[in-house]
Amino acid sequence: MALVEVKDVSKRFGGLTAVSGVDLAVHAGEVHCLIGPNGAGKSTLFKLIVGLYPPTHGSILFDAVDITNKRPYARVQRGMSIKMQAPSVFKELPVRQNVRIALQGRLTGPERIAEEERLLTLLNLAADGEKRAGALSHGQQQWLEIGMALALKPQLLLLDEPTAGMSSDETFKTGELIKSLNAEGMTVLVVEHDMAFVRQVAQRVTVLHLGKVFARGNLESILHDEKVAEIYLGKSHAH
Ligand code: ADP
Ligand code: MG
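Residues numbered from 1 in each chain as written. Chains lettered and ligands numbered in written order. Predicted model: local features only at pLDDT ≥ 70, side-chain atom pairs only at ≥ 80, totals over all residues. Heavy atoms only, no water.

Quick notes on a nonpolar patch on the surface
Filter applied, for reference: Within this analysis, patches are made of residues with over 30% relative accessible area and no salt bridge. Like charges are joined at 9 Å or less; nonpolar side chains (Val, Leu, Ile, Met, Phe, Trp, Tyr) at 5 Å or less. All accessible-area figures derive from a Shrake-Rupley calculation using a 1.4 Å probe, and residue coverage is judged against the displayed protein chains alone. Just to be clear on terms, a salt bridge is a Lys or Arg side-chain nitrogen sitting within 4 Å of an Asp or Glu carboxyl oxygen. Per the convention used, a helix needs a DSSP run of H or I reaching at least four residues, while a strand needs a run of E reaching at least two, with both numbered from the N terminus. Exposure is judged per residue with a 1.4 Å probe applied to protein chains only, and the accessible area is read against the type maximum: over 50% gives exposed, under 20% gives buried, and values in between give partly exposed.
A surface patch of nonpolar side chains, about 220 Å² in accessible area, is lined by Phe90, Leu93 and Ile101. Residue placement: Ile101 occurs in helix H3 (residues 95–103). Judged by its relative accessible area of 30%, Ile101 is partly exposed.

Focus: H3
We count it as follows: By arc we mean the arc of the directions from the helix axis to the C-beta atoms, nothing more. Two residues qualify as a contact provided that any one of their heavy atoms is within 4.5 Å of a heavy atom in the partner residue.
Every buried residue of H3 is accounted for by Val95, Arg96, Asn98, Val99, Ala102 and Leu103. Along the axis of H3, the buried residues cluster in a sector spanning 160°; they form a single face. Close packing links the buried residues of H3 with helix H4 (109–122) and helix H5 (138–150).

A look at the layout of surface pockets
Stated formally: Within this scheme a cavity is a closed region of a 1 Å grid, computed over the protein atoms alone, that accommodates a 1.4 Å probe without allowing it to escape, whereas a pocket is open but has protein on both sides within 12 Å along at least five of seven lines; lining residues each have an atom within 4 Å of a point. Grid points are joined across faces, edges and corners, and a volume is the space filled by probe spheres set on the points. When residues are sorted by character, Ala, Val, Leu, Ile, Met, Phe, Trp, Tyr, Cys and Pro go into the nonpolar class, Asp, Glu, Lys and Arg into the charged class, and all the rest, Gly among them, into the polar class. Domain borders in the structure are assigned automatically or taken from a domain database.
Computed from the structure, the largest pocket encloses a volume of approximately 250 Å³. The wall of the largest pocket is formed by Pro72, Tyr73, Val76, Ser81, Ile82, Met84, Ser88, Ala102, Glu145, Met148, Ala149 and Leu152. Mapped by element, the contributors of at least two residues to the lining of the largest pocket are helix H2 (72–77), strand E6 (80–83) and H5. Split by residue class, the lining of the largest pocket holds nine nonpolar, two polar and one charged. Viewed by domain, the lining of the largest pocket spans two of them, domain 1 (2–79 + 154–233) and domain 2 (89–152), each represented by three or more residues.

Looking at the domain arrangement of the protein chain
Going by this rule: Two parts lose some accessible area (1.4 Å probe) when they are put together, and adding that loss for both gives the buried area. Distance and chemistry together define a polar contact, namely a pair of N or O atoms within 3.5 Å, with one atom able to donate a hydrogen and the other to accept it when in protein, and with adjacent residues in sequence counting only for side-chain atoms on both sides.
Parsing the protein chain into structural domains produces domain 1 (2–79 + 154–233) and domain 2 (89–152). Taking the mean C-alpha position of each, domain 1 and domain 2 sit 25 Å from one another. For the pair domain 1 and domain 2, the summed buried surface comes to about 1100 Å²; carbon and sulfur atoms form 72% of the total. When the area that domain 1 buries against domain 2 is broken down by residue, the three leading residues are Pro154, Glu170 and Leu177, summing to 37%. Linking domain 1 with domain 2 are zero salt bridges, by the criterion used here. For the pair domain 1 and domain 2, the number of links is five residue pairs in polar contact (both at pLDDT 80 or more). Of all the secondary-structure elements, those providing two or more residues to the side of domain 1 that touches domain 2 are strand E7 (156–160) and helix H6 (168–183). With six residues, H6 is the single largest residue contributor to the side of domain 1 that touches domain 2.

So, the site of ligand 1
Worth spelling out the cut-off: We call a residue near a molecule or strand when any one of its heavy atoms sits within 4 Å of it.
Neighbouring residues of ligand 1: Phe13, Leu16, Ala18, Pro37, Asn38, Gly39, Ala40, Gly41, Lys42, Ser43, Thr44 and Tyr53. Take Gly39: an N or O atom from its main chain is 2.7 Å from an oxygen atom of ligand 1. Here an oxygen atom of ligand 1 sits 3.0 Å away from a polar atom, N or O, in the main chain of Gly41. If one sorts the elements of the shell around ligand 1 by residue count, helix H1 (residues 42–50) sits on top with three residues. Residue classes in the shell around ligand 1 are distributed as six nonpolar, five polar and one charged.

Written out as structure tokens, the structure is:
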């Protein structure tokens, strides 16, 4: 069943069509990767799904409900949790406090403390709870922000380039984290550049190119698609 359905969605910025007639279904229980060369429209599509932009055309459904015109917070209330490209933790506060703030609306007392511990352990941050968040490595800050997104207990986790700025070791650990969340039933949509990471986590892949869906399928079929290699895998894609 499709948890998210993007139907014929377009987004124009003045004369530029960043996303053009895109259909996309994210199935409940899968890890779905959205890939494509720089400028393909990935982040724009991501922002359309989370509600940061209204589409110029088309509709978006979440759990069979039309959310096309819903504000981001209303989408979060329905079970979406979002991690944008740049980490935005509270740098001056301790790591643990960051997680606590994210949990505050949902849990209190011993339940909150237990969940705080569970998340810190899950994020490999159990030893760093008292550190200032700003003192963590860039990769650890990304994990902390993923943890804050998880604190909302979402049905769908949306990540825009979660491994940006990470070492290859941190990237691998992030992949394992996503896989363990998925094994517990979390649906994940990830925008990603790093192909090693996509190989590690993806079950299905959608390739965007020039704002349109260029290819889609399971990981194996995308990895063996020569047209995809031409536009994406073969090129360097610094951003
Ligand atoms: P990707 O994330 O795949 O690199 P983006 O979605 O960021 O691609 O960008 C797609 C295209 O839309 C690019 O040509 C980009 O310059 C343009 N674009 C993105 N956001 C805006 C915006 N807010 N205003 C104008 N143009 C934008
Ligand atoms: Mg982007």
